[in-house]
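# Structural overview for review
Here is how the chains run, residue by residue.
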Amino acid sequence: FFKKRKMALQKKDFILSKINWLEKSENIYNIVKNLDLRFEDCIFIDDNILEIEKVRKKIKKINTIHIKKITDAKKKILDDSRFSKIIISKEDKKKYNQYKLREKYYNFVNKKNKKNLNTEDVIKDLKQKIKIINFTNLNLKRAEELFQKTNQFNFSLNRYKSNQLMSLNKKKQYELKMFSLKDKFGNHGIIGAYILKKVNDKVLIVDFLLSCRVIYRFVEQFILSKISKKFQGKEIIIIHNKSIVNSELISKFLTNKIFKLLNRKKRKFFYKINFNKKEINETEKLFSH
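Scope of this entry: the structure provided in the associated data block. (Residues numbered from 1 in each chain as written. Predicted model: local features only at pLDDT ≥ 70, side-chain atom pairs only at ≥ 80, totals over all residues. Heavy atoms only, no water.)

## Points about helix H8 (residues 219-230)
Basically, it comes down to this: Helix and strand labels come from DSSP, where a helix needs a run of H or I of at least four residues and a strand needs a run of E of at least two; each type is numbered from the N terminus. Given the number of residues in a helix, its expected span is that number minus one, multiplied by 1.5 Å. Remark: exposure states derive from per-residue accessible area (1.4 Å probe, protein chains only) relative to the maximum for the residue type, with buried under 20%, exposed over 50%, and partly exposed in between.
For H8, which comprises twelve residues, the first-to-last C-alpha distance of 17 Å matches the rise-based estimate of 16 Å (1.5 Å per residue) to within 8%. Judged by how many residues are buried, H8 sits mostly within the fold: nine of twelve residues are covered. The set of residues buried in H8 consists of Val-219, Glu-220, Gln-221, Phe-222, Ile-223, Leu-224, Ser-225, Ile-227 and Ser-228.

In structure tokens form, the structure reads like this:
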């Protein structure tokens, strides 16, 4: 059908398709959850106002566009400010391939789960490699993009601009790093960052964030184990500024036994990280070197 009609979009342009007789709201819900997106960051477009109302009723936070005539579709979408893009970054151009890698990962995990393998063995089979990277002028735009756009697994929700990051990077008591991920399926690029502050015998992890594309793959645990190993003997504290957008995934992660709640000031939570040598070694074994 796509080829026959010589459509501008082809089947390969779609990351995830749901073509069936289920209600649109159910399919949309499954797609958004599968891609680890937020409903408020998605737009549902339809030419049938009844379908739009049905989806709105089931998914309260979703954005919608009603297009009465199909001939008006292009203009209506291009004129909508929610689709406006001032700068297209290198990372933007990689998004399609990155989501395809994610799809391969989920298919791989589902096959492994059918064999009842334990999680650690599945992660080892992925042959994941993490590289910790310094902040430089070359990757500064990507750093800014991570801090501006990452919501769900972002401990602080601090929205730094490039100049603020460079300013922090020049201060001796701060350490700013990003990290990239490769696995057996390909290169996921730079997927996370952290900022820590050294204060006497303490290390405060002021910011810690990770793309939802690679969540639940022990990446977050690996990075924290590396920080613990580097600053052995010091008290390591991570700060969580809790909000609606970053509470679900992080709260689940904080149930890990390595975290101990020290203090709370309104919506700001302070956790001590307790990694022993055995736990650090076990985490490192899950990754390729």
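Now, onward.
## Considerations on the sheet that holds strand E9 (residues 268-273)
Where strands meet in a sheet, backbone hydrogen bonds hold them as pairs that are either parallel or antiparallel. The condition is simple: The criterion for strand pairing is that DSSP finds at least two bridges linking the strands in question. Axes here refer to lines fitted to C-alpha atoms; in helices the fit is confined to the stretch in contact. Angles between the N-to-C directions go from 0 to 180 degrees.
Pairing within the open sheet is mixed, and its seven strands lie in the order E3-E4-E5-E6-E7-E9-E8. Each having just a single partner strand, strand E3 (129-134) and strand E8 (259-265) make up the two edges of the open sheet. Across the sheet, the axes of successive neighbouring strands diverge by a mean angle of 30°, strand direction being ignored. Across five bridges, the pairing between strand E7 (residues 235-241) and E9 is antiparallel.

## A short note on the pattern of salt bridges
Operational definition: A carboxyl oxygen of Asp or Glu within 4 Å of a side-chain nitrogen of Lys or Arg is what we treat as a salt bridge.
Tallying each qualifying case throughout the model produces 19 salt bridges. The partner of Glu-279 in a salt bridge is Lys-257, and the shortest N-O contact between them spans 3.7 Å. Residue Glu-279 is located in helix H10 (residues 277-284), and its partner Lys-257 is located in the loop between helix H9 (248-253) and E8; the two are separated by 22 residues in the primary sequence. Within this structure, Arg-38, Glu-40 and Asp-41 form a network of salt bridges that share partners.

## Comments concerning the packing of aromatic side chains
Filter applied, for reference: Planes of paired rings set the category: under 30 degrees apart is stacked, over 60 is edge-to-face and the rest tilted, where pairs are Phe, Tyr or Trp rings (Trp by its six-membered ring) whose centres lie within 6.5 Å.
Throughout the structure, instances matching the rule amount to 14 aromatic pairs. With 5.5 Å between their ring centres and 25° between their planes, Tyr-29 and Phe-39 make a pair best called stacked. In this pair, Tyr-29 is assigned in helix H1 (residues 24-34) and Phe-39 in the loop between H1 and strand E1 (43-46), connecting sequence segments ten residues apart. You can call Tyr-29 partly exposed: its relative accessible area is 41%. Between the aromatic rings of Phe-108 and Phe-185, the centroid separation amounts to 5.7 Å while the plane-to-plane angle is 75°, which identifies the pairing as edge-to-face.

## Some thoughts on the packing of H1 against helix H2 (residues 49-58)
Note the following rule: We call two directions roughly parallel when the angle between them is under 35 degrees, roughly antiparallel when it is over 145, roughly perpendicular when it lies between 65 and 115, and oblique otherwise. In a left-handed crossing the near helix is turned counterclockwise from the far helix by less than a right angle, and in a right-handed crossing that turn is clockwise. Whether two residues are in contact is decided by their heavy atoms: any pair within 4.5 Å suffices.
Across the interface, H1 lies against H2 with an axial gap of 9 Å and an inter-helix angle of 50°. Judged by the inter-axis angle, H1 sits oblique to H2. Note that H1 runs across H2; the crossing there is right-handed. Contacts between H1 and H2 involve Lys-24, Ser-25 and Ile-28 from the first element and Glu-51, Val-55 and Lys-58 from the second.

## Details of the packing of H8 against H10
The criterion, for reference: When residue character is reported, Ala, Val, Leu, Ile, Met, Phe, Trp, Tyr, Cys and Pro are called nonpolar, Asp, Glu, Lys and Arg charged, and the others, Gly included, polar.
Contact geometry for H8 and H10: axes closest at 9 Å, N-to-C directions at 135°. Between H8 and H10, the crossing angle belongs to the class labelled oblique. Crossing of H8 over H10 shows left-handed handedness. In this structure, H8 uses Gln-221, Phe-222, Ser-225, Lys-226, Ser-228 and Lys-229 to contact H10, whose residues at the interface are Ile-280, Thr-283 and Glu-284. Among the residues forming the contact of H8 with H10, the class breakdown is two nonpolar, four polar and three charged.

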